[in-house]
Amino acid sequence: MKKIYLETFGCQMNVLDSELVEGRLRSLGYDFVTDAQQANVVLYNTCSVREKSEQKVLSRLGRMKIRKQSEPDLVIGVIGCMAERDGIGMLRRLPQVDLLCGPGELDKLPGLLENVLATHRQQAALAGDTARRSGTLASAGEDRLELLDLSRSFSPGKNKYQAYIRVVRGCNKFCTYCVVPYTRGPEVSRSPQAIVDEARRLVDAGAREITLLGQTVNHYIYDDVSASGPSGPMSRRTTFAQLLRRVHDELPQLPRLRFITSFPADFGDDILQAMTDCPRICRYLHIPAQCGSNRILKLMNRGYTVESYLELLQRARSFMPDVAVVGDFIVGFPTETDADYQATRELAARARYKNAFIFKYSPRPGTVAIRRHEDDVPEEVKQFRHQDLLNLQNEICHQLNGELVGSTVDVLCEGPSGWNQPAESVIAGAAGGHGPSAHGLGPRVELGQRLLGALRSRTDGISEAPPESSGHIQLTGRTTADQIVVFDGPANLEGLIVPVKVCVVHGLTIFARIANSATISPTHELAAAI
Ligand code: 5AD
Ligand code: SF4
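For clarity, every value in this text was computed on a predicted model and none was experimentally measured.

Enquirer: Lay out the side chain of Arg315 in plain terms, naming residues and giving numbers.
Expert: When you line up the elements, Arg315 lands in helix α12 (residues 306-319). Note on Arg315: relative accessible area 19%, which makes it buried. Those residues within four positions of Arg315 in sequence are excluded, and the remaining contacts are Phe267, Gly268, Asp269 and Leu272.

Enquirer: Tell me what's going on with the site of ligand 1, and back it up with residues and numbers.
Expert: With respect to spatial proximity, the complete set of residues near ligand 1 consists of Val49, Arg50, Tyr177, Gln290, Asp328, Ile330, Phe359, Lys360, Tyr361, Ser362 and Arg364. Gln290 is positioned such that a nitrogen or oxygen atom in its side chain is 2.7 Å from an oxygen atom of ligand 1. Compared with its free state, where it exposes 400 Å², ligand 1 has 85% of that area covered by protein. Secondary structure elements with two or more residues in the shell around ligand 1: β17 (324-331) and β18 (355-360). Split into classes, the residues belonging to the shell around ligand 1 amount to 5 nonpolar, 2 polar and 4 charged.

Enquirer: Any chance you could break down the site of ligand 2 for me, citing the residues and the numbers?
Expert: Within the structure, ligand 2 sits among Cys171, Lys173, Phe174, Cys175, Tyr177, Cys178, Val180, Pro181, Gln215, Thr216, Phe263 and Arg302. Residue classes in the shell around ligand 2 are distributed as 8 nonpolar, 2 polar and 2 charged.

Enquirer: Can you tell me about the sheet that holds strand β19 (residues 408-416), naming the residues and giving the values?
Expert: Spatially, the 5 strands close up into a barrel ordered β19-β20-β21-β23-β22, and their pairing is mixed. If you compare each strand with its neighbour and ignore which way they point, the axes differ by 50° on average.

Enquirer: Before we move on, can you summarise the sheet that holds strand β4 (residues 75-80) with the specific residues and values?
Expert: Strand order in the open sheet formed by 6 strands is β2-β1-β3-β4-β5-β6, and the pairing between neighbours is parallel. With one partner strand each, in any of the chains shown, β2 (31-32) and β6 (123-125) form the two edges of the open sheet. Relative to β4, strand β3 (residues 41-46) is paired through 6 bridges, and the arrangement is parallel. In the strand pairing of β4, Tyr44 is matched with Val78. Strands β1 (3-8), β3, β4, β5 (99-101) and β6 of the sheet are contacted by helix α5 (residues 109-119), whose axis makes an angle of about 170° with β5.

Enquirer: Could you give an account of the packing of aromatic side chains, naming the residues involved and the relevant values?
Expert: Tallying each qualifying case throughout the model produces 9 aromatic pairs. When the centroid spacing of 6.5 Å and the interplanar angle of 80° are considered together, the rings of Tyr177 and Phe333 count as edge-to-face. With a gap of 156 residues between them, Tyr177 in the loop between β8 (168-169) and α7 (180-183) and Phe333 in the loop between β17 and α13 (338-351) connect regions that are remote in the sequence. Accessibility assignment for this pair places Tyr177 and Phe333 in one class, buried. Ring centres of Phe240 and Phe259 lie 5.0 Å apart, and the angle between their planes is 75°; on these two criteria the pair is classed as edge-to-face. Here Phe240 is found in helix α9 (residues 240-250), whereas its partner Phe259 is found in strand β15 (residues 256-260), with 19 residues between them in sequence. Put simply, the rings of Tyr177, Phe333 and Tyr361 pair up and form one aromatic cluster. A cation sits over an aromatic face here: Arg50 above Phe359, 3.7 Å from the ring centre. Of note, Arg258 hangs over the ring of Tyr284, and the distance from its end group to the ring centre comes to 4.8 Å.

Enquirer: So what about the nonpolar core? Which residues, and what values?
Expert: Nonpolar side chains tend toward joint burial in soluble globular proteins. Within the largest apolar cluster, 71 residues are counted, with the highest numbers of intra-cluster contacts made by Val167, Ile210, Leu212, Phe240, Phe259, Leu285 and Phe329. With near-sequence residues (within four places) excluded, Phe240 lies in contact with Leu212, Val217, Asn218, Tyr220, Phe259 and Ile271. Counting residues in each nonpolar core, the second largest holds 30 residues, with Leu25, Tyr30, Val41 and Leu113 among its members.

Enquirer: Explain helix α10 (residues 269-277) to me, using residue names and the numbers behind them.
Expert: For α10, the set of buried residues is Ile271, Leu272, Ala274 and Met275. When α10 is viewed along its axis, its buried side chains cluster within an angular range of 160° and face the same direction. If you follow the buried residues of α10, they end up packed against α9, β15, β16 (284-286) and α12.

Enquirer: How would you summarise the pairing of β19 if you had to cite specific residues and measurements?
Expert: Inspection of the sheet shows β19 paired to strand β22 (residues 497-506) by 5 bridges, in the antiparallel sense. When the bridges of β22 are listed, Leu412 appears paired with Ile497. One ladder, built from 4 bridges, connects β19 with strand β20 (residues 472-478); its direction is antiparallel. Looking at β20, one finds that Pro416 is bridged to Leu475.

Enquirer: Which residues make up the environment of Ala343, and what are the values?
Expert: Relative to the assigned elements, Ala343 resides in helix α13. By relative accessible area, Ala343 is classed as partly exposed at 22%. Distance from Ala343 to Asn294, taken between C-alpha atoms, is 8.9 Å for residues 49 residues apart in sequence. Leaving out residues up to four positions away in the same chain, Ala343 has contacts with Gly292 and Ser293.

Definitions and cut-offs
Residues numbered from 1 in each chain as written. Chains lettered and ligands numbered in written order. Predicted model: local features only at pLDDT ≥ 70, side-chain atom pairs only at ≥ 80, totals over all residues. Heavy atoms only, no water. Helix = DSSP H or I, 4+ residues; strand = E, 2+ residues; numbered from the N terminus. Buried < 20%, exposed > 50% of the residue type's maximum accessible area, 1.4 Å probe, protein only. Contact = heavy atoms within 4.5 Å. Near = heavy atom within 4 Å. Polar contact = N/O pair within 3.5 Å; in protein donor to acceptor, adjacent residues only side chain to side chain. Areas by Shrake-Rupley, 256 points an atom, 1.4 Å probe, with all protein chains shown as cover. Nonpolar A, V, L, I, M, F, W, Y, C, P; charged D, E, K, R; others polar. Pairing = 2+ DSSP bridges. Axes fitted to C-alpha atoms, helices over the stretch in contact; angles between N-to-C directions. Phe/Tyr/Trp six-rings, centres within 6.5 Å; stacked < 30°, edge-to-face > 60°. Lys NZ or Arg CZ within 6 Å of the ring centre and 35° of its normal. Core = buried A, V, L, I, M, F, W, Y, C linked by side-chain atoms within 4.5 Å. Arc of directions from axis to C-beta.

Structure representation (structure tokens):
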């Protein structure tokens with residue numbers, strides 16, 4: 001039996017594509033292994049968003065070239081955005097690559113693989129020049145891709161409790177720096193019925209948190225042209241707010257529903273109202289600003305201003321004061337001056353993100369920005385701005401997380417954490433109790449202990465005794481704001497929503513204790529488990 005090693009780079013869209021590909025190939029009898037050395041087929045699901053992501057794949061391919069000299073039957077495949085962006089020329093430049101498959105052609109992957117195995121000749125399926133297809137071709141392509149989504153296997157994956165569903169494919173925004181509209185094609189929304197059905201099957205298979213995915217997920221819009229009314233055919237339109245309500249209401253047993261990534265322009269109050277009304281939709285928004293200078297936003301073709309962006313955050317917070325907002329920034333876009341960068345810093349300070357992803361501009365072949373502008377911000381300036389913005393964001397994270405100390409938050413317990421020491425060793429130490437010595441502790445615990453002095457004042461208010469710990473192991477979970485929480489508890493809490501009291505916060509990690517039974521409401525699942 002052929003053994004496949006599949007490594008995934010890049011965004012959640014790629015994680016989902018890999019899951020779909022793995023499910024399809026498994027159903028055809030292929031086996032999957034976690035060690036590339038054991039595999040006779042090695043597939044890389046690639047990302048082209050920044051040059052660095054492509055370099056990682058090129059270095060893997062370099063290693064595979066050497067391996068192939070002694071194992072000529074080894075099959076090497078490049079799938080995803082890099083295959084699409086680089087195109088057929090990659091097969092000439094990198095003869096060790098046997099197979100290329102773009103993200104819009106993944107339904108063809110089993111056929112390509114079969115052909116490579118049978119003929120030992122290079123195979124490719126790329127959207128190529130048809131990437132920005134006409135409406136008709138796009139819908140023909142979408143039908144094929146829809147089948148790939150629909151044929152997904154619903155056996156629990158690597159993350160048993162968390163699942164993704166694609167709701168919008170592709171992107172129409174054409175931000176000048178970005179390759180995605182070229183690699184993933186035009187924006188197409190999936191039918192709400194297909195989405196609800198998929199969500200139901202995932203919940204039946206054990207999913208406790210579903211994330212709806214789209215590059216511009218809030219722009220989801222579906223017109224059901226087949227719908228008919230009393231006077232013949234009519235179009236029934238589903239907006240994103242309606243989709244959210246439908247998934248929420250039709251799956252009352254799903255504890256958490258979230259969505260990423262939102263585009264800042266045209267973000268309607270109807271979505272904010274749906275989030276406010278539906279208690280199981282996480283109050284979490286990932287809305288990239290990219291930059292705080294209106295001049296650069298224009299060059300990026302983002303279609304909004306700093307003022308309208310901040311107005312959106314204010315609107316979101318007026319609907320949901322506790323909403324967690326996460327952002328993305330690109331520093332060092334061509335022509336960015338110190339003043340432009342200061343404006344970005346100011347925006348980050350005003351936005352007060354729970355978390356922010358910060359990138360240095362990377363010129364990408366095929367984009368408008370690389371054609372129009374020289375990459376004129378020196379690397380050391382980019383590096384400085386990147387680090388400076390990270391420092392600022394870390395400070396904001398510390399402050400926001402510090403404000404959580406003493407409060408009770410719900411976490412979805414994901415199971416045992418990767419490290420051996422109990423969370424109590426950090427909590428007790430930080431509270432001035434008798435934590436174990438730092439000797440032999442895991443690096444994160446040691447880090448936590450080094451912070452004792454600084455943290456002590458934050459935990460003064462916590463007088464709870466450590467809970468009964470016999471039979472407890474160290475567990476991790478995530479809050480609705482997607483923050484990691486470490487706490488001790490019985491192993492059977494895995495997969496449940498557990499209320500915990502925040503005791504100590506270090507960076508992005510929260511150390512907590514299971515909340516007193518008095519604070520556990522009947523809606524929590526903890527009471528049944530312990
Ligand atoms: N250079 C740097 N960052 C980029 N991103 C997209 N394209 C580029 C690029 N060429 C970032 C944006 C986007 C995130 C997914 O990646 O911030 O939101
Ligand atoms: Fe790229 Fe802009 Fe589309 Fe996001 S919205 S995927 S940054 S083009």
